[in-house]
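Given next are the chains, with one letter for each unit.
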Amino acid sequence: MVCANCGFAGPAGNRYCDDCGAKLFRINRTTNRPLRGTPWGKRLLILLLTLYPALLVVLSLVNTLQPRRTGLLALTEVFAPYLFMPLLLIAPFALMRKAWLLRVALLVCVVLFCVRFPPKLVASVPQATPGAIQLSAMHWNVMLGGNYDKMIEVLRTKPASIVSMVEADWIRLSTDYEVGALYPYRFGDEKSGPVSGQALLSTYPIIEEGVLDEMPGLWGAPRVIWARLDVGLGRNVIVVVAHPPPGRFCGRSTFPNRCYDTTLRDKRLAAINAFVQPFVKSGDSLLLLGDFNVTEREPAYTDLSAGLVDSQLSAGTDTGLTWRPASLMDKNLAILRIDYMFSSPNVLPLATSVDCTPRGSDHCIVHGRFEVP
């Protein structure tokens, strides 16, 4: 034991220097310098910082083994990847002395993140079959009727042969001569307003159309339209456009058990899948396009996508993220994927991508190319 103040070497049993009364320290035999213990404040800080990554590990295990549909746990799964971002602020503290437990916790979180949220970019784009019919499709939630000038600007480029829009002003779209010249075949729901309005624009003739509204207790307003298109060579393609409302979020009377209540939304998503399954099972070629207000991490995504092909997962050329909060509407980015292009197994997705150019909407535009045998 040695005194760092005066250099006095005291017996091993002494805690304080007999000469000056300062605290004695053990000697590091390599550097010949006193060994100082970690102050209790730093130890407490390291312990508190370790709690967050430990909580993330437990939360991930719970959401993976017992996924919830409602409540705070379900809401944490929606934003799960972003819960790992605070680890970037914690990481520098892992360099502190005796922070080995924090280092282990951060390493476990890094491995967990890579396993749960790996990049989903397609390694090779599917190749088109010579002689097969190829379709281009576009989907866009234009937001509360949309910025009409921006909408027309996009439509003037004739971005796809099939265009689906939700929260659209169908009355205006259906009477616009310029839109009619670009897309002579149009179908929409005249009953719903701009919040729930669905519109389908097509360069292919519409030979059959309809609205899913036979369950008034489940749908407050029509949220699903469909049409059968003649795409040539004797082939028909059914296009379904859907926009179920999101789950209900926290309220004073519902917190915390019903902080995120998706019960009604999940029933609607299951109803949409039940509606398209007869077409799929009969061998029809089908596209299901829309803003479904569900992330792929939620159990309801499985209900919605059962028996269908998610084009982003099979042919996506980017992240596929499509929604951003209002504060980011002027930015070319998105944080959640809730807009999808599904297809029946007999329709091959060739490529999908998103365009997040700011156009007055909180949603990005989704583009897709498909092959009909």
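Just above, that's the structure.
Residues numbered from 1 in each chain as written. Predicted model: local features only at pLDDT ≥ 70, side-chain atom pairs only at ≥ 80, totals over all residues. Heavy atoms only, no water.

Student: Can you walk me through helix H4 (residues 100–116) in this structure?
Tutor: Residue pairs spaced three or four apart in an α-helix point in one direction, given the helix's 3.6 residues per turn. Taking 1.5 Å per residue, 17 residues should reach 24 Å; H4 reaches 24 Å between its end C-alpha atoms and fits that length. By the burial criterion, the buried members of H4 are Leu102, Ala105, Leu106, Cys109 and Leu112. The arc enclosing the buried residues of H4, seen along the axis, measures out at 125°, which places them on a common side. More than 90 degrees from the buried face of H4, the exposed residues found are Trp100, Leu107 and Val115. For H4, the secondary structure elements touched by its buried residues are helix H1 (40–65) and helix H3 (87–90). (Helix = DSSP H or I, 4+ residues; strand = E, 2+ residues; numbered from the N terminus. Expected span 1.5 Å × (residues − 1). Buried < 20%, exposed > 50% of the residue type's maximum accessible area, 1.4 Å probe, protein only. Arc of directions from axis to C-beta. Contact = heavy atoms within 4.5 Å.)

Student: Looking at this model, I keep getting lost on the state of the cysteines. Mind explaining?
Tutor: By definition, a disulfide links the sulfur atoms of two cysteine residues through a covalent bond. Under the criterion given, the structure shown has 1 disulfide. Between the sulfur of Cys356 and that of Cys364 lies a disulfide, 2.1 Å long from S to S. For the disulfide bridge between Cys356 and Cys364, the dihedral angle about the S-S bond is near 100°, and by the sign convention the bridge is right-handed. (Disulfide = S-S within 2.5 Å.)

Student: What exactly am I supposed to notice about the sheet that holds strand S12 (residues 309–310) here?
Tutor: Either a parallel or an antiparallel arrangement is found when strands of a sheet pair, and the pairing is made through backbone hydrogen bonds. The strand order across the open sheet built from 6 strands is S8-S9-S10-S11-S13-S12, with neighbouring strands paired in mixed fashion. Edge positions in the sheet fall to strand S8 (206–211) and S12, since each of these pairs with one other strand and no more. As paired strands, S12 and strand S13 (residues 339–343) are joined by 2 bridges and run antiparallel to one another. Along S13, the bridge assignment pairs Asp310 with Phe342. Relative to strand S10 (residues 235–242), helix H8 (residues 263–281) is tilted by about 175°, and along the sheet it contacts strand S9 (224–232), S10 and strand S11 (285–291). (Pairing = 2+ DSSP bridges. Axes fitted to C-alpha atoms, helices over the stretch in contact; angles between N-to-C directions.)

Student: Honestly, the side chain of Arg359 in this entry has me stumped. Any pointers?
Tutor: Considering the arrangement of structural elements, one finds Arg359 in the loop between strand S14 (348–355) and strand S15 (365–372). By relative accessible area, which is 16% here, Arg359 ends up buried. Of the polar contacts made by the side chain of Arg359, one reaches the side chain of Asp355; its length is 2.9 Å. (Polar contact = N/O pair within 3.5 Å; in protein donor to acceptor, adjacent residues only side chain to side chain.)

Student: Would you mind going over the nonpolar core with me for this structure?
Tutor: Soluble globular proteins: nonpolar side chains tend toward being buried together. Counting residues in hydrophobic clusters, the biggest one holds 26 residues, and the most contacted among them are Leu135, Ile162 and Val239. Contributing elements (two or more residues each) for this core: strand S4 (133–145), strand S5 (162–168), S9, S10, S11 and S15. Here the element with the most residues in this core is S9; it accounts for 4 residues. Apart from residues no more than four positions distant in its own chain, Ile162 is found in contact with Leu135, Ser136, Ala137, Met138, Leu200, Leu201, Tyr204, Leu229, Val239 and Leu287. Of all hydrophobic cores here, the second largest spans 25 residues; its members include Leu212, Ala271, Phe279 and Leu286. (Core = buried A, V, L, I, M, F, W, Y, C linked by side-chain atoms within 4.5 Å.)

Student: When you look at the pattern of salt bridges in this model, what are you seeing that I'm missing?
Tutor: Note on pairing: side chains with opposite charge can pair once their charged atoms come close. Per the stated rule, a full pass over the model turns up 12 salt bridges. Of the charged contacts, one joins Arg69 and Asp266 as a salt bridge, the two residues approaching to 3.0 Å between their closest N and O atoms. With Arg69 in the loop between H1 and helix H2 (72–78) and Asp266 in helix H8, this pair connects stretches of sequence that are 197 residues apart. Overall, Arg69 belongs to the partly exposed group, its relative accessible area being 35%. Between Asp303 and Arg69 there is a salt bridge whose closest N-O contact spans 3.0 Å. Of this pair, Asp303 sits in helix H9 (residues 299–305) while Arg69 is found in the loop between H1 and H2, placing the two residues 234 residues apart along the sequence. For Asp303, a relative accessible area of 26% corresponds to the partly exposed category. Via salt bridges that share partners, Arg69, Arg265, Asp266, Glu298 and Asp303 belong to a single interconnected network. (Salt bridge = Lys/Arg side-chain N within 4 Å of Asp/Glu carboxyl O.)

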